[in-house]
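# Geometric and topological summary
Here is what each chain is made of, one letter per residue.
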Amino acid sequence: MANTWGYGAMTNHLGDMQNSKAIIIMGSNPASNHPIAMQHILKAKEQNGAKIIVVDPRFTKTAAKADIYCRIRTGTDIAFLYGMIRLIRENKWYDESFIKDRVYGMDDIFKECEEYTPEHVEDITGCSKELLIQAATVFAEADPGSLIWNQGWTQHTVGSSNTRLGSIMQLTLGNLGKPGGGCNILRGHDNVQGSTDMGCLADTLPGYYGLADGSWKYFAKQWKVDFDWLKARFKTPEMMQKTGNSLSLWIHSVLEESNTKHNADVPLKALICIGNGISTVTQTHKTKEALDKLELVVFIDPYVNDAAVITTRNDNMFLLPAASQVETSGTVVNTSRSAQWRTKVVEPLYEARADHEILFDFAKRMGFYNEFVAGMGKGDKFTWPEDATDEIARALKTIGMQGRTAERIKRHTENWHLFNSTSLKGRGVTEKEYYGLPWPCWSESHPGSPVLYNINLPVSQGGMGFRTRFGTERNGVSLLSAEGSAPKGSRIKGGYDEITAKNIEELAGITLSEDEKKLLDGKNWKNDDSGLLVKYALAAGLAPYGNARARTNVWEFVDPIPKHREPLHSFRPDLIAKYPAIKDKVNFFRVDVRYESEQNAQDWTKDYPINIVSGRIVEHMGTGTETRASKYLAELSGEMYGELHPTLAGKLGLKDDEMMWVYGTGGGKIKIKCKYSLRVDEYSVFLPQNFSGIWSGEHLGHRYPAGTQPYGFGENSNQVTSYGYDQQTSCPETKCSLVRIERA
Ligand SMILES: Nc1nc2c(c(=O)[nH]1)N[C@H]1C(S)=C(S)[C@@H](COP(=O)(O)OP(=O)(O)OC[C@H]3O[C@@H](n4cnc5c(=O)[nH]c(N)nc54)[C@H](O)[C@@H]3O)O[C@H]1N2
Ligand SMILES: Nc1nc2c(c(=O)[nH]1)N[C@H]1C(S)=C(S)[C@@H](COP(=O)(O)OP(=O)(O)OC[C@H]3O[C@@H](n4cnc5c(=O)[nH]c(N)nc54)[C@H](O)[C@@H]3O)O[C@H]1N2
Ligand SMILES: [Mo]
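Residues numbered from 1 in each chain as written. Chains lettered and ligands numbered in written order. Predicted model: local features only at pLDDT ≥ 70, side-chain atom pairs only at ≥ 80, totals over all residues. Heavy atoms only, no water.

With that settled, consider the overall build of the chain. In terms of helices and strands, the chain carries 27 helices and 25 strands. Its C-alpha atoms give the chain a radius of gyration of 26 Å, within 12% of the compact-globule value 27 Å for 744 residues. For the C-alpha atoms alone, the extent of the chain along its principal axes is close to 80 × 65 × 50 Å. Surface exposure of the chain reaches about 29700 Å², of which carbon and sulfur atoms provide 51%. Here the chain holds 86 positive side-chain charges and 90 negative ones, and the gap between their average locations is 1 Å. (Helix = DSSP H or I, 4+ residues; strand = E, 2+ residues; numbered from the N terminus. Rg over C-alpha atoms; globule rule 2.2 N^0.38 Å. Areas by Shrake-Rupley, 256 points an atom, 1.4 Å probe, with all protein chains shown as cover. Lys, Arg positive; Asp, Glu negative; His and termini not counted. Charge placed at Lys NZ, Arg CZ, Asp CG, Glu CD.)

Written out as structure tokens, the structure is:
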């Protein structure tokens, strides 16, 4: 189980990174956090001669393996990227035909990058212009080059802009749709890709279907329930289409009554937390307050959830012991969109029960069990989890899950040894298929798509252009890809719209029978249960979702073109006037969120002059709830600390190994050990995010039920991280915070 902090799917796959000639790693530390990915990266370097460039405020274990290391100030990646794009444009390193044929709106980007001269980038980011030029030169010369990012990019108010501009840089160089290229987002928990695919997000239904009436109607059909019954579950019809509470912002719905109006006038009263360490959101002390205030709190977890220890409520809190992943079975999806079958090793021990069993029981007691399981189409005689996997395959057409049946996924996992890890291609019983059937996998005879947007393959073999998702033209300019740019073997040689019953005859050059016409009346590729539209599209070499241009301009966003904006708690207040935060947002995931007003509330650096660099350590996972319960990991890394440059530590009068108090802008404080380190610059403190169980100096061991205490305890860094949320996704700005440090 996982939450959804990381976002964006990996366009290529882990093994494919071995085909790269250069890899730029920004805001990701795979040597610590993705050791398997790191092995592929090192193979690219050692066997394929790839140059490794790391852009990170901290000299990490990954940076230690880099050819070029650029240290930047946290929250300045956009300036760095525009600096690279400006050099790419100036030196004509860009892929002219790729941009001409497959991209919309590059002119706007080339205009925006103008002000980011190497000198200006040096001023904003702190990285020398020489290093920027070196990084840009090496990366632009490599063909192909791969871009890797993760949480160093997403946990910012401008996180969504970071990820967009990174993708745009790859577009300028024509690095998308190519083996060895791509945007390779190393995702978080083992099944975080799967959980987002499944709709564990506040603003989508499963498969990234939206929340409009049409999507709900489609799902009512898939779930075999009455649409009006579904609708009646909501207080008002508007609430059905409204974005839900997000993991980061729900606490404000509880704590600030003014937000109740965005929640159909109902204050949040209860919380069920399943498979999530909710104490890792920024400002943990606010999470505690919210937990204390609720009427009911339920944790479904194989361990004692960290948040259950943090709250001081002593009533109406339930810990339901969940089975671990070895006590249950089903699919998980890895960071490369490949599915794997996980087999049960033992029956759940003691009183633990599998997550789905607990949820089934909830549904029974709340009176909707029959509706809950109806989608599998077998009444209550279903086989778990196979029938659910097949239901998912039938329903999630938007990402092409049709070919991912339980039977096929099992065959792949059982024949693991038959696949090539760099190409993902199978042999023998999985001949011509790609490992784990990476989506889109359009039909039961489709092999899966290992590299997204690759037009050098036919659609039936995993090829495709960019998706036609935003219409076919904008202000008189076509959004479809240019003539001559289409997947190999396509009947249409240029761009085309999404496949519908209306256009299939013309695009695929076929004539539908009268029966087919009736069956397909009003249908499109996303809601056609007959599978005919996909079948005819593939036969004509067409991607069901169309063939369009990648757009650089997301006109519905606050920043249609990615813009550098200083963090809300900026270490460089002098830059705020030129690069201010956006205006405060009303009713954003049902909460009023401060941006501009928080940024300008005071001169934050005056009282909080030190910048946090936030990241992970290899020994622990997330809150450390699971890993701190391991005696051996707790022994390897047993206490919370902050890394300080000796120069800064000296100014603060701190010796190595002495204790210090760290005070956050939101009122939280933690007492931790000072660790001298040259990995950080002279203005920052590195705080690992993986500890909990000590609260502003107080040991919380006594709050655990007898026999459940972990071996390792430490202060939770998020007591001192600042307020701030991504302007599009609401991901917390945990990577940019200011603190004050004093000797304890
Ligand atoms: N051992 C271990 N492995 C894990 C996890 C774990 O807790 N422990 N967690 C898993 C999960 S849930 C996830 S999401 C992934 C996360 O994987 P990563 O994203 O690699 O994790 P982090 O260490 O949080 O952040 C990566 C890097 O971002 C840098 N950084 C911080 N701020 C900035 C910035 O403003 N710009 C740039 N360019 N870099 C910045 C940090 O110094 C750090 O080196 O790891 C997964 N793997
Ligand atoms: N300062 C700072 N804060 C951060 C980050 C950062 O980089 N810096 N990173 C953010 C990110 S990317 C993430 S993902 C979060 C950490 O992510 P969290 O989800 O907050 O962390 P975990 O500790 O992994 O919590 C997972 C919980 O699920 C439970 N669990 C494990 N397996 C199962 C299962 O099969 N079933 C059930 N029901 N429960 C299970 C575990 O026991 C644990 O309690 O931290 C976020 N917060
Ligand atoms: Mo994560």
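From this point, the narrative continues.
With that out of the way, let us pick up the sheet that holds strand β19 (residues 659-664). Spatial strand order, β17-β21-β18-β20-β19-β25: 6 strands in a closed barrel with mixed pairing. Direction aside, the axes of adjacent strands within the sheet are offset by 45° on average. Pairing of strand β17 (residues 610-615) with strand β25 (residues 738-743), which is carried by 2 bridges, proceeds in the antiparallel orientation. Looking at the pairing, Ile 610 lines up with Val 739 of β25. (Pairing = 2+ DSSP bridges. Axes fitted to C-alpha atoms, helices over the stretch in contact; angles between N-to-C directions.)

Take the site of ligand 1 next. If you check the shell around ligand 1, you find 33 residues, and the closest are Asp 56, Asp 77, Arg 616, His 620 and Lys 735. Between ligand 1 and Asp 56 there is a distance of 2.6 Å, counted from an oxygen atom to a side-chain nitrogen or oxygen. Here a nitrogen atom of ligand 1 sits 2.5 Å away from a polar atom, N or O, in the main chain of His 620. If ligand 1 stood free it would expose 910 Å²; the protein chains cover 96% of that surface. Those elements that place two or more of their residues in the shell around ligand 1 are α1 (30-33), α8 (151-154) and β17. Of the residues forming the shell around ligand 1, the biggest block, 3 residues, is contributed by β17. (Near = heavy atom within 4 Å. Polar contact = N/O pair within 3.5 Å; in protein donor to acceptor, adjacent residues only side chain to side chain.)

What follows covers the packing of helix α11 (residues 213-222) against helix α19 (residues 386-395). The N-to-C vectors of α11 and α19 enclose an angle of 145°; their axes lie 11 Å apart at closest approach. Considering the relative orientation of α11 and α19, their crossing is right-handed. Listed contacts from α19 to Tyr 218, Phe 219 and Gln 222 of α11 are Glu 391, Arg 394 and Ala 395. Partitioning the contact of α11 with α19 into residue classes produces 3 nonpolar, 1 polar and 2 charged. (Left-handed = near helix turned anticlockwise from the far one by under 90°. Contact = heavy atoms within 4.5 Å. Nonpolar A, V, L, I, M, F, W, Y, C, P; charged D, E, K, R; others polar.)

We now examine unusual backbone geometry. Put simply, Asp 143 and Pro 144 share a cis peptide bond, and its omega is 0°. On the secondary structure map, Pro 144 appears in the loop between α7 (129-141) and β5 (145-149). Trp 384 connects to Pro 385 through a cis peptide bond whose omega is 0°. Mapped onto the secondary structure, Pro 385 falls in the loop between α18 (369-374) and α19. Its identity is not glycine, yet Tyr 208 carries a phi of approximately 65°, on the positive side. With respect to the helices, strands and loops of the structure, Tyr 208 is situated in the loop between α10 (192-197) and α11. Residue Asp 265 is not a glycine yet carries a positive backbone phi of 60°. By the element assignment, Asp 265 lies in the loop between α14 (250-255) and β7 (270-274).

What follows deals with the pairing of strand β11 (residues 339-342). Burial along β11 is one-sided: the residues Ala 339 and Trp 341 are buried and none of Gln 340 and Arg 342 is. Two elements, strand β10 (residues 330-333) and β11, share 4 bridges in a ladder whose sense is antiparallel. Looking at the pairing, Val 332 lines up with Gln 340 of β11. Between β10 and the antiparallel strand that follows it, β11, lie 5 residues; Arg 337 among them carries a positive phi value of about 70°. (Buried < 20%, exposed > 50% of the residue type's maximum accessible area, 1.4 Å probe, protein only.)

What follows is about the packing of aromatic side chains. For the structure shown, the criterion picks out 31 aromatic pairs. Aromatic pair Tyr 94 and Phe 110: ring centres 5.5 Å apart, planes at 45°, arrangement tilted. Here Tyr 94 is found in the loop between α3 (77-90) and α4 (96-102), whereas its partner Phe 110 is found in helix α5 (residues 106-112), with 16 residues between them in sequence. On the basis of relative accessibility, which here comes to 23%, the residue Tyr 94 falls in the partly exposed class. For the ring pair Phe 360 and Phe 372, a centre distance of 5.9 Å and an interplane angle of 85° mean the geometry is edge-to-face. (Phe/Tyr/Trp six-rings, centres within 6.5 Å; stacked < 30°, edge-to-face > 60°.)

On to the sheet that holds β7. A sheet is described by the order of its strands in space; here 3 strands give the open sequence β7-β8-β9, paired in parallel fashion. Of all strands in the sheet, those bounded by a partner on one side alone are β7 and β9 (317-321). Within this sheet the neighbouring strands show an average axis-to-axis angle of 10°, counted without direction. Of the pairings in the sheet, the one linking strand β8 (residues 296-301) to β9 comprises 5 bridges and is parallel in character. By the bridge assignment, Ile 300 is partnered in β9 with Leu 320. Against the sheet, helix α17 (residues 355-366) contacts β7, β8 and β9, and its axis sits at roughly 145° relative to β8.

The next point concerns the pattern of salt bridges. Here the structure, examined in full by the defined rule, presents 34 salt bridges. Its salt-bridge partner being Lys 673, residue Glu 639 comes within 3.0 Å of it at the nearest N-O pair. Taken as a pair, Glu 639 in the loop between α26 (631-636) and β18 (641-644) and Lys 673 in strand β20 (residues 669-676) lie far apart in primary sequence, 34 residues in all. Where Glu 643 meets Arg 679, a salt bridge forms, and the shortest distance between an N and an O atom there is 2.9 Å. Of this pair, Glu 643 sits in strand β18 while Arg 679 sits in the loop between β20 and β21 (684-688), and the two are 36 residues apart along the sequence. It is possible to trace a salt-bridge network through shared partners that takes in Arg 58, Glu 643 and Arg 679. (Salt bridge = Lys/Arg side-chain N within 4 Å of Asp/Glu carboxyl O.)

To continue, consider the environment of Ala 543. Structurally, Ala 543 is set in the loop between α23 (532-539) and β14 (550-551). For the pair Ala 543 and Met 464, spaced 79 residues apart in sequence, the C-alpha to C-alpha distance is 5.9 Å. In contact with Ala 543, not counting residues within four places along its chain, are Val 459, Met 464, Tyr 496 and Ile 499.

The subject of this paragraph is helix α15 (residues 284-293). Turning to α15, its buried residues are Thr 284, His 285, Thr 287, Lys 288, Ala 290 and Leu 291. Residues of α15 that are buried make contact with α14, β7, β8, α16 (306-310) and β22 (693-695).

The next point concerns the nonpolar core. By size, the foremost hydrophobic cluster in this structure holds 51 residues, and its most contacted members are Ile 24, Phe 80 and Tyr 82. Top contributing element to this core by residue count: α3, with 9 residues. Those residues in contact with Tyr 82 that lie beyond four places of it in its chain are Ile 109, Glu 112, Cys 113, Tyr 116, Leu 165, Ile 561 and Pro 562. Residues Leu 520, Trp 525, Leu 532 and Val 534 belong to the second largest nonpolar core, which totals 24 residues. (Core = buried A, V, L, I, M, F, W, Y, C linked by side-chain atoms within 4.5 Å.)

According to the stated counting rule, one finds 0 disulfides in the structure shown. For the unlinked cysteine Cys 273, the closest cysteine sulfur is that of Cys 200, found at 12 Å. (Disulfide = S-S within 2.5 Å.)

Here we come to the environment of Ile 23. Structurally, the position occupied by Ile 23 is in strand β1 (residues 22-26). When its relative accessible area of 0% is taken as the criterion, Ile 23 is described as buried. The spatial distance from the C-alpha of Ile 23 to the C-alpha of Glu 119 is 24 Å, given a sequence separation of 96 residues. Setting aside anything within four residues of it in sequence, one finds Ile 23 in contact with Met 17, Ile 41, Ala 44, Lys 51, Ile 52, Ile 53, Phe 139, Ser 146 and Ile 148.

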